Amino acid sequence: MQLNLSLGALSKRLRFTLVVLFTAVFTILAGIFLSVSVNAQMSPAAGDATAFNRTSSAYEETPPNLVDWETEDHDLGDEVFEEAFVSTPGTERSGLGPTFNNASCVSCHIRNGRGMPEPGQLLLRVTDGEATAQQTTTAKADILNNAPPVEGLGNQIQDFSIVGETPEAKVNILWQENAGTYADGTPYRLRSPQFDVILANGESLPDTVQISPRIPPHVYGLGLLEAIPEADILALADPDDRDGDGISGRPNRVWDEQTQSVTLGRFGWKANSPNLLQQSADAYLNDMGITSPLFPAEDGSTEIDQEKLVLAAAYAQTLAAPARTLMDNPQVQQGEKLFADASCTACHVATFRTGEHKYPALQNQEIHPYTDMLLHDMGDELADNRADFEASGQEWRTPSLWGVGLAQTVLPYSGYLHDGRARTFEEAILWHGGEAEMSKVAFETMSAEDRNALVRFLQSL
Ligand code: HEC
Ligand code: HEC
Ligand SMILES: [Ca+2]
Ligand SMILES: [Ca+2]
Ligand SMILES: [Ca+2]
């Protein structure tokens, strides 16, 4: 009796152990099988600098091929990117304001993804539309002349301030909705923002001030875009549309503070910044009110040193681009074909090879960013009517589309297009006009099945 009991108990324990063991083995095998089949569907977006992660942390990955010193720069840069500045003097993080838009890089570039059209994230760049062009004698003054600052506001509205100071204005965003229909009769709705800007003195912003609203773009994969040889970008420009396809595309030319010369613009919604170092210094100064060696105060003083500035740029430079997925999915394959048939690829150019870069891991990689880095006239409805260096009030730089399929996974409700007006890919496409009018019409006249396939392709990026 006693013996039987203990045998029974033993076999029970044995059975339990076996079940646990089988479950574990099964889980491991299923895991391996799943990851293999998922990986088989993935494909590199940036050669060895691709990150194979399609979860909500997809935009925070480094290129797997970074060597130790590159990883070290990235990790130090990560801390700098997250650093929230304060107004109290005497600390590492002093110097915020007096007026600003936000207190850290990461508060606008949340998980390195695109932002939302909301105060604290959306910026308003401003220009005095009535200022008469100044007589200029230098190349710098000449190129800056295109966007004369507004008295009391400069070239950007800072709608926050440190305690004891007054924000430059209060910005209210009002949405206007319009209805439309696809060729097959399916209805859609589009919304666009209007800005009600109340200045510190209680008055409304005069109508003569041109405003350019901009949400934070994603910041991953940018080192690779910085590494595209300039000649390869210029080779795609067709300013006079000589090939007659209705698409021109031209480079922006901007002021480079480091070299003190006019150079190709690459970053920002109008390609208004030449490189990631200057873009970072610009963000410190204009978005956070922090002077740096590149943009010091009038008396030459600075609130951060060169090392910190270089590390902030290093962070953006060393973020990987996420792998594409669902390569074997027939609907995605059909969508990719439609993307080419609708001439989306005329601007969203699929492939480049990178050249020289400070970070060797980014060099000589085949990349698929889906941008030509050029400016295009996108029509009246997207126009901000404000020039930015050589970009006109109708022109925008083609944004990269790699990783765009993960936008809502990383930050639900983040918007598309320069002011975040588009809530979905369909809306983003339906706003295309100007040089992209024919692409838009192609989409509007597709069957519902084809529209879904095209959107599914974008989701696979
Ligand atoms: C108030 C929000 C805000 C803050 C704070 C901010 N940014 Fe940005 N960032 C933006 C917006 C908006 C743009 C687009 C600007 C434009 O089009 O001119 C941008 C653009 C960029 C770009 C170029 C992206 C591209 O695809 O062209 C980089 C890189 C960048 N920011 C890095 C930084 C760094 C580094 C910091 C901190 C020092 C920072 N940002 C702080 C809102 C912000
Ligand atoms: C003439 C050049 C051109 C063509 C053709 C074109 N695009 Fe674009 N695309 C742009 C530009 C420029 C923007 C940014 C416009 C803005 O922000 O106001 C953009 C924005 C987008 C966005 C939003 C990206 C973001 O980061 O917010 C998506 C998605 C997109 N395009 C998809 C497409 C698809 C799909 C097609 C084909 C049906 C297409 N585009 C055709 C130039 C083009
Ligand atoms: Ca300051
Ligand atoms: Ca200002
Ligand atoms: Ca052309």
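For the structure, see preceding data.
For clarity, every value in this text was computed on a predicted model and none was experimentally measured.

Enquirer: Even after reading the chapter, I still don't get the site of ligand 1, so can you show me in this structure?
Expert: Taken together, 30 residues sit near ligand 1, with Cys105, Cys108, His109, Arg125 and Gly268 positioned nearest. A distance of 2.9 Å separates a nitrogen atom of ligand 1 from a polar atom in the side chain of histidine 109. Put simply, the parts of the chain that give the shell around ligand 1 at least two residues each are α3 (105-108), β3 (123-128) and α7 (276-288). Looking at which element gives the most residues to the shell around ligand 1, the answer is α7, with seven residues. The class makeup of the residues in the shell around ligand 1 is 15 nonpolar, 11 polar and four charged.

Enquirer: Explain helix α2 (residues 68-82) here, please?
Expert: At 3.6 residues per turn, the α-helix brings residues three or four places apart onto the same side. In a regular helix each residue adds 1.5 Å, so 15 residues correspond to 21 Å; α2 covers 21 Å between its end C-alpha atoms and thus fits that length. Glu70, Asp73, His74, Gly77, Val80 and Phe81 are the residues of α2 that are buried. Angularly, the buried residues of α2 cover 120 degrees about the axis, an arc narrow enough to put them on a single face. Exposed side chains of α2 directed beyond 90 degrees from the buried face belong to Asp68, Glu72 and Glu79. Contact partners of the buried residues in α2: α3, α7 and α8 (306-317).

Enquirer: Where do I start with the environment of alanine 46 in this structure?
Expert: Within the secondary structure layout, alanine 46 lies in the loop between α1 (2-41) and β1 (50-51). Among the residues examined, alanine 46 registers a relative accessible area of 0% and is labelled buried. Spatially, the C-alpha atoms of alanine 46 and glutamine 365 are 6.2 Å apart, while their sequence positions differ by 319 residues. Once residues within four sequence positions are removed from consideration, alanine 46 is found in contact with Leu224, Ala321, Gln365, Glu366, Ile367 and Trp402.

Enquirer: Is there a simple way to explain the coordination of the calcium ion (ligand 5) in this structure?
Expert: Octahedral six-donor coordination of a metal ideally yields angles of 90 or 180 degrees, compared with 109.5 degrees for tetrahedral four-donor coordination. For the calcium ion (ligand 5), every protein donor is listed as Asp238 (OD), Asp241 (OD), Asp243 (OD), Asp245 (OD) and Ile247 (O), and the spread of their distances is 2.2 to 2.4 Å. Sequence positions of the residues that donate to the calcium ion (ligand 5) give the spacing D-x2-D-x1-D-x1-D-x1-I. Judged by relative accessible area, which is 54%, aspartate 243 ranks as exposed.

Enquirer: So what exactly am I meant to see when it comes to the coordination of the iron atom of ligand 1 here?
Expert: For the iron atom of ligand 1, the sole protein-derived donor is His109 (NE2), lying 2.1 Å away. Position of histidine 109 among the secondary structure elements: in the loop between α3 and β3.

Enquirer: I tried to follow the site of ligand 2 on my own but got confused; where do I start?
Expert: Every one of the 24 residues lining ligand 2 counts as a neighbour, but Cys344, Cys347, His348, His418 and His432 are closest to it. Between a nitrogen atom of ligand 2 and a side-chain N or O atom of histidine 348, the distance comes to 2.9 Å. Side-chain polar atom of histidine 418 to an oxygen atom of ligand 2: 2.6 Å apart, as the coordinates give it. For the shell around ligand 2, the residue count by class is 14 nonpolar, seven polar and three charged.

Enquirer: Got a minute to help me understand the side chain of arginine 214 in this structure?
Expert: Take arginine 214: it is sitting in strand β8 (residues 209-214). Assessed through its relative accessible area of 4%, arginine 214 is described here as buried. Among the polar contacts listed, one links the side chain of arginine 214 to the side chain of serine 212, at a separation of 3.1 Å. Within the structure, arginine 214 has its side chain in polar contact with the side chain of asparagine 272 (distance 3.4 Å). Leaving out residues up to four positions away in the same chain, arginine 214 has contacts with Gln121, Leu122, Leu123, Arg125, Trp269, Lys270, Asn272, Asp384, Arg386, Asp388, Trp396 and His418.

What counts and what doesn't
Residues numbered from 1 in each chain as written. Chains lettered and ligands numbered in written order. Predicted model: local features only at pLDDT ≥ 70, side-chain atom pairs only at ≥ 80, totals over all residues. Heavy atoms only, no water. Near = heavy atom within 4 Å. Polar contact = N/O pair within 3.5 Å; in protein donor to acceptor, adjacent residues only side chain to side chain. Helix = DSSP H or I, 4+ residues; strand = E, 2+ residues; numbered from the N terminus. Nonpolar A, V, L, I, M, F, W, Y, C, P; charged D, E, K, R; others polar. Expected span 1.5 Å × (residues − 1). Buried < 20%, exposed > 50% of the residue type's maximum accessible area, 1.4 Å probe, protein only. Arc of directions from axis to C-beta. Contact = heavy atoms within 4.5 Å. Donors = N, O, S within 2.8 Å, 3.2 Å for Na, K, Ca; no water.

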